[in-house]
Amino acid sequence: MDTAALETQLGDVDVSRWWNAERCHRALVDGEITAEQWTRLALTWAQEDELGTFLFLDAEGALAQATQLDRQRAGGETLGPLAGMTLALKDNICTLGATTSCGSRILEGYLPPFDATVVERLRRAGAVIVGKTNMDEFAMGSSNENSAYGNVHNPWNRDRAPGGSSGGSAVATAAGMVSCSLGSDTGGSVRQPGAFCGVTAVKPTYGRVSRYGLVAFASSLDQIGPFARSARDAANVLQVIAGDDPRDATCSSRPVDDYVGACGQPVKGMRVGLLRTGDGDEPGVKVAMGNAVAALKELGCDVVDVELPHAKYGVSVYYLVATAEASSNLARFDGMRYGLRVTGEDLTDTYNSTRARGFGPEVQRRIMLGTYALSAGYYDAYYMKAQKVRTLMAQDFEKAFVDCDVVLSPTSPTTAFKLGERTRDPLSMYLADVYTLPASLAGLPAVSVPCGFDDEGLPVGMQMVAPAFEESRLFTLAHAYEQVTEWNQRHPDVASAGKTTAGKASAGKATAGKATAGKGGAA
Ligand code: GLN
């Protein structure tokens, strides 16, 4: 069906790409729109995208899922909580029948023989998975520029980075191609691109969401988390994906709280601990944070000052722990079992040639750093020391939570930087993570919420961190804040960022999928 036919079918339904998941769900349940129509729209928006967002579009799978939903509705069956939600997945989350490249040449065209646990749960809840999104190779990066498949552009300004490593997922939601998306956050990779693109982004407590089927980067830090255009949409997604999984030994068996119900709970009297930060924040970030604090006070929150004395070691500790774990995790990509094989003169040569050709420069740099930090003579000096400081960082939070219920800071010291600006200086790139790393190292839940724009019209995000398994608190506060501000309702001008207008599917024809990895674009 072409877009004109779809438009005729939709008649007077005032459908918009900015409908949030709740709105689509209602439209579907009320029969205003069918799942197939909504899915075709999402696929069109994704196909017209010029921001480099998707690596793979699964038109066939998405439409099959939509048709099934329409059949269920016609048969009078109750629809799942996510029915009507179109969703994009970061390309390090395994999907049966859809390529999973991790943004790397070494896994180009790799087709996992199974769905990740989160994917199984999403499908069961009625979400329609549209495709797989671009990312920094193996989730290593803060700008998406480490992808082997090209840059992703920030929808607010195409010359800017979308953040990383889940840049594609952040953009898919921020530019209204899908209702929600999933990323993975090891040191900030959901929160920081969420802040750069102006969407709500959640990093759950370590162990809250199963990592089964998430290609491992740093196993003691990795967590899957949602991007959405409202706290409640994010809560809906987390509600479905969180919870015990016998296939992941680090996944907690604690019952999952009512996150959706937490949106709408009172915040009066909540103690917000404002993190004392250095002078490194950009002026636009400082102004937005000041206004956000004022809004929280207005809501009845008590704002107190808190300190995390060891947070300054976050970057050093993280880049030792994460690289060490990555060097071990990535040993499995040796040309034998997955993806690329470059046959050499002998076995060792095959390993070396495969890894030299398959891994990009940042991944190689990190494998070398991590191997060094773990080597016999240096283990105590680096890895062990880093683990000890990590414990001190967790204790900092414990002390802070005596005085407050959530810790507040900017998500990132800057707004979206220019593409290319930091690629030659890895250290400056690593410093983009100063605010997100402490919560990662302590295993705590955190959310980034849009809280304003700088002078150049780029979004600013604020980060809220809660004690372990207190995600509900974050949803309560984020939702309350969204009710009194309108930052999450501002949308980028996708007509100039991409080609599509924000209305019906009338802007231009869908072109063949732009997605490049694996089998190629949508049918
Ligand atoms: N930017 C950080 C890094 O490069 C965090 C990445 C992540 O959270 N996956 O490692």
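Definitions and limits used
Every chain begins its residue count from 1, and numbering advances along the sequence as written. Side-chain atom pairs in this predicted model are given and counted only at pLDDT of 80 or more, local residue features only at pLDDT of at least 70, and totals for whole chains, interfaces and linings cover all residues. Values reported for side chains reflect all heavy atoms of the structure, with hydrogen atoms and water molecules removed beforehand. Patches were defined on residues exceeding 30% relative accessible area and lacking a salt bridge, with like-charge contacts within 9 Å and nonpolar side-chain contacts (Val, Leu, Ile, Met, Phe, Trp, Tyr) within 5 Å. Computed by Shrake-Rupley with a 1.4 Å probe, the accessible areas treat only the displayed protein chains as cover when residues are assessed. Think of a salt bridge as a Lys or Arg side-chain nitrogen and an Asp or Glu carboxyl oxygen that are within 4 Å of each other. Where helices and strands are cited, they refer to DSSP runs of H or I of at least four residues and of E of at least two residues respectively, numbered from the N terminus. Throughout, the term near means that a residue has one or more heavy atoms lying within 4 Å of the molecule or strand in question. Polar contact criterion, stated in full: a pair of N or O atoms within 3.5 Å, where within protein one must be able to donate a hydrogen and the other to accept it, and residues adjacent in sequence count only if both atoms are side-chain atoms. Throughout, the protein atoms alone are placed on a 1 Å grid, and a set of points is a cavity if a 1.4 Å probe fits but cannot get out or a pocket if it is open with protein on both sides within 12 Å along at least five of seven lines; lining residues have an atom within 4 Å of a point. For this analysis, a molecule is said to be in a pocket or cavity if more than half of its atoms are within 2 Å of the grid points defining it. Under the scheme applied here, ten amino acids are nonpolar (Ala, Val, Leu, Ile, Met, Phe, Trp, Tyr, Cys and Pro), four are charged (Asp, Glu, Lys and Arg), and all others, including Gly, are polar. In this scheme, a helix's expected span is set at 1.5 Å multiplied by one less than its residue total. Residue burial is assigned from relative accessible area. The probe radius is 1.4 Å, only protein chains are included, and a residue is buried under 20% of its type maximum, exposed over 50%, and partly exposed in between. To be clear, the arc concerns the directions from the helix axis to the C-beta atoms. Here a strand pair is declared whenever DSSP counts at least two bridges between the two strands. For this analysis, residues touch if any pair of their heavy atoms sits within 4.5 Å. Each Phe, Tyr or Trp ring, with Trp reduced to its six-membered ring, pairs with another whose centre is within 6.5 Å; inter-plane angles below 30 degrees give stacked pairs, above 60 give edge-to-face pairs, and intermediate values give tilted ones. Cation placement over rings: the criterion is NZ of Lys or CZ of Arg within 6 Å of the ring centroid and within 35° of the ring normal. Axis geometry follows a simple rule: fit a line to the C-alpha atoms, using only the stretch in contact for helices, then measure angles between N-to-C directions, giving values from 0 to 180 degrees.

Chemist: For this particular structure, what's the right way to read a nonpolar patch on the surface?
Modeler: Among the surface-exposed residues, Tyr 372, Tyr 378 and Tyr 382 lie close enough to one another that they form a single nonpolar patch of about 290 Å² accessible area. As for its placement among the helices and strands, Tyr 382 is situated in helix α14 (residues 380-403).

Chemist: How do you make sense of the site of the ligand when you look at a structure like this?
Modeler: Around the ligand, 15 residues are found, and the nearest of them are Thr 186, Gly 187, Ser 189, Tyr 318 and Arg 366. Here an oxygen atom of the ligand and a side-chain polar atom of Tyr 318 are 2.7 Å apart. For the ligand, an oxygen atom lies 3.3 Å from a polar atom in the side chain of Tyr 319. A total of 290 Å² of accessible area belongs to the ligand in isolation, and the protein chains cover 100% of it. Spatially, the ligand is embedded in the largest cavity. Looking at side-chain class alone, the shell around the ligand contains five nonpolar, seven polar and three charged residues.

Chemist: Just to check I follow, could you spell out helix α12 (residues 347-358) for this structure?
Modeler: An α-helical turn contains 3.6 residues, so any two residues separated by three or four positions project in the same direction. Helix length check: α12, at twelve residues, gives a terminal C-alpha distance of 16 Å against a target of 16 Å (1.5 Å per residue), a fit within 8%. Inspection of α12 places Thr 350, Thr 354 and Gly 358 among the buried residues, and these make up the whole buried set. Projected down its long axis, α12 carries its buried residues within an arc of 40°, all on one side. Taking the backbone nitrogen of Thr 348 as reference, a side-chain oxygen 3.3 Å away marks Asp 346 as the first, capping residue of α12.

Chemist: Explain the pairing of strand β4 (residues 180-185) to me, please; I cannot follow it from the model alone.
Modeler: Working note: regular strand, side chains alternate between the two faces of the sheet. In terms of residue burial, β4 counts as a mostly covered element, since six of its six residues are buried. Neither face of β4 is left uncovered, since the one carrying Cys 180, Leu 182 and Ser 184 and the one carrying Ser 181, Gly 183 and Asp 185 both have all their residues buried. Pairing of strand β2 (residues 86-90) with β4 involves three bridges; the strand directions are parallel. Across the sheet, residue Ala 88 finds its bridge partner in β4, namely Ser 181. Judged from the six bridges that link them, β4 and strand β6 (residues 223-228) form a sheet pairing that is antiparallel. For Ser 184, the partnering residue across the bridge sits in β6 and is Ile 224.

Chemist: Explanation requested: the side chain of Thr 39 in the structure shown.
Modeler: Structurally, Thr 39 is set in helix α3 (residues 35-48). Among the polar contacts made by the side chain of Thr 39, one reaches the main-chain carbonyl oxygen of Ala 35 at a distance of 2.7 Å. Apart from residues lying up to four places away in sequence, Thr 39 is in contact with Ala 62, Leu 63, Ala 66, Thr 86 and Val 128.

Chemist: Hey, could you run me through the packing of aromatic side chains in this one?
Modeler: One pair of aromatic rings is described through two measures. These are the centre distance and the angle between the planes. Following the criterion strictly, the structure yields 19 aromatic pairs and no others. Note that Arg 17 overlies the ring of Trp 18, its terminal NZ or CZ placed 5.9 Å from the centroid. A cation sits over an aromatic face here: Arg 23 above Trp 19, 4.2 Å from the ring centre.

Chemist: Would you take a moment to explain the sheet that holds strand β11 (residues 459-465) for this structure?
Modeler: Note: strands within a sheet are paired through backbone hydrogen bonds, in either parallel or antiparallel orientation. Strand order in the open sheet formed by eleven strands is β1-β3-β2-β4-β6-β5-β10-β11-β9-β7-β8, with mixed pairing between adjacent strands. At either end of the open sheet lies a strand with only one pairing partner, and these are β1 (54-57) and β8 (302-306). Ignoring which end each strand starts from, the neighbouring axes of this sheet average 30° apart. Where strand β5 (residues 200-203) lies against β6, two bridges are found, and the strand directions are antiparallel. Paired with Thr 200 across the strands is Ala 228, a residue of β6.

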